[in-house]
Amino acid sequence: RPRIVHVSNFRGVKNPRSLAQVFLAVRERIDAELWLIGDGPTLPALKEMLSEAGAEDAVRSFGATADVAPILRETDLLLMTSVAESFCLAAAEAMACGIPVVATRVGGLAEVVGDGTAGRLFPVGAHAAIADAVVELLERPRLRRGVGIAARRQAARFACERIVPLYEVLYGDLLERAEREGRAADAVAEART
């Protein structure tokens, strides 16, 4: 069965109700599994929703795991239904493993995923459209592989080797500016005395 993965700290902001609705809509069309990685306060309610809908046999929970890459590599697609995100490390990790992302267009997801590049992005609550995109990617392996290749390339933009030097330059510039401004403030204070 195709495997949809969701990596989360399972808080309300991750929108577990939407995750369940999208997954159940997908299950009406294809026999997919949902793999849950992580732990948090909304996980029991999510599992209960899926169980009440008769989908408990299609759900696998891995709990909080430090090394998600081995699990991600066994999946076909990352599904994120968040109402807010900052960077979304889960998306970047999945993309680095060549996994396409279907997610809501919130916060940093637009920059990380790039709609139409490494996956598909939708407005919060667009359950039918999100389910359609998931089904399309799962039913079209060639398309999914192509998006996965693009996802891996996109994720490389955020690799430590590339990002850390940018931060070092930024912090160096900020320190230099603070020193200049500090010297100027000292000179003004000295001139007033």
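Residue numbering note: each chain is counted from 1, following its sequence as written. In keeping with the predicted nature of the model, local features appear solely for residues at pLDDT of at least 70, side-chain atom pairs appear and are counted solely at 80 or more, and the whole-chain, interface and lining totals rest on all residues. The side-chain figures draw on all heavy atoms in the structure; neither hydrogens nor water molecules are used.

**Looking at the overall build of the protein**
How we decide: Strands here are runs of E lasting at least two residues and helices are runs of H or I lasting at least four, both read from the DSSP assignment and numbered beginning at the N terminus. Throughout, the radius of gyration refers to the C-alpha atoms, and the reference size of a globule is 2.2 Å times the residue count to the power 0.38. Under the convention used here, a 1.4 Å probe and the Shrake-Rupley method define accessible areas, while residue burial counts only the protein chains that appear. Under this rule, positive means Lys or Arg and negative means Asp or Glu; His and the chain ends count for nothing. All charge positions are set by atom: Lys at NZ, Arg at CZ, Asp at CG, Glu at CD.
Looking only at helices and strands, the protein has eight helices and six strands in total. In the protein, the order of α-helices and β-strands from amino to carboxyl end is β-α-β-α-β-α-β-α-β-α-β-α-α-α. Relative to a compact globule of 193 residues, whose C-alpha radius of gyration would be 16 Å, the protein shows 21 Å and is clearly more extended. Seen through its C-alpha atoms, the protein measures out along the principal axes to roughly 80 × 35 × 30 Å. With an accessible surface of roughly 10200 Å², the protein has 53% of that area assigned to carbon and sulfur atoms. Averaged over its 24 positive side-chain charges, the protein has a centre that lies 5 Å from the centre of its 26 negative ones.

**Thoughts on the sheet that holds strand β6 (residues 119–122)**
What counts is decided by this rule: Being paired, for any two strands, means DSSP has found at least two bridges between them. For every element, the axis is a line fit to its C-alpha atoms; helices are fit only across the contacting stretch, and the angle between N-to-C directions ranges from 0 to 180 degrees.
Pairing in this open sheet of six strands is parallel, and the strands run β3-β2-β1-β4-β5-β6 from one edge to the other. The outermost strands of the open sheet, each flanked by one partner alone, are β3 (59–63) and β6. Each strand of the sheet is rotated relative to its neighbour by a mean of 20 degrees, with strand direction disregarded. Note that strand β1 (residues 3–8) and strand β2 (residues 33–38) share six bridges and pair parallel. What sits directly across from Arg-3, in β2, is Glu-33.

**Brief notes about the layout of surface pockets**
The line we're drawing: Cavities and pockets were defined on a 1 Å grid built over protein atoms only: a cavity is a set of grid points that admits a 1.4 Å probe from which the probe cannot escape, a pocket is an open set flanked by protein on both sides within 12 Å along at least five of seven lines, and lining residues are those with an atom within 4 Å of any such point. Grid points are joined across faces, edges and corners, and a volume is the space filled by probe spheres set on the points.
Put simply, the largest pocket is a space of about 250 Å³. What lines the largest pocket is a set of 16 residues, among which Val-7, Ser-8, Asn-9, Ala-90 and Glu-93 lie closest to the centre. Broken down by secondary-structure element, the contributors of at least two residues to the lining of the largest pocket are β1, β2 and α4 (89–96). Looking at the lining of the largest pocket element by element, the count peaks at three residues for α4.

**Observations concerning the pattern of salt bridges**
This is how it is decided: A carboxyl oxygen of Asp or Glu within 4 Å of a side-chain nitrogen of Lys or Arg is what we treat as a salt bridge. Burial classes follow relative accessibility: with a 1.4 Å probe on protein chains only, a residue under 20% of its type's maximum area counts as buried, one over 50% as exposed, and anything between as partly exposed.
Under the definition given, this model contains eleven salt bridges. Glu-85 serves as the salt-bridge partner of Lys-14, at 2.7 Å between the closest nitrogen and oxygen. Highlighted residues: Lys-14 in the loop between β1 and α1 (16–27) and Glu-85 in the loop between β4 (77–80) and α4, separated in sequence by 71 residues. Judged on exposure class, the residue Lys-14 and its partner Glu-85 are both buried. Between Asp-115 and Arg-105 there is a salt bridge, with its nearest N and O atoms 2.9 Å apart. With a gap of ten residues between them, Asp-115 in the loop between α5 (109–113) and β6 and Arg-105 in the loop between β5 (101–104) and α5 connect regions that are remote in the sequence. Assessed through its relative accessible area of 41%, Asp-115 is described here as partly exposed. Assessed through its relative accessible area of 41%, Arg-105 is described here as partly exposed.

**Let's talk about the state of the cysteines**
Formally: Cysteine sulfur pairs qualify as disulfides if the two atoms are within 2.5 Å.
Under the criterion given, the structure shown has zero disulfides. Counting only cysteine sulfurs, Cys-97 is the nearest neighbor of Cys-88, a cysteine outside any disulfide, at a range of 14 Å. Overall, the relative accessible area of 3% leaves Cys-88 in the buried class. Counting only cysteine sulfurs, Cys-97 is the nearest neighbor of Cys-160, a cysteine outside any disulfide, at a range of 14 Å. Residue class for Cys-160 comes out exposed when judged on its relative accessible area of 57%.

**Quick word on the pairing of β3**
Pairing analysis gives four bridges linking β2 to β3, with the strands arranged parallel. Considered in β3, the bridge of Leu-36 is made with Ser-61.

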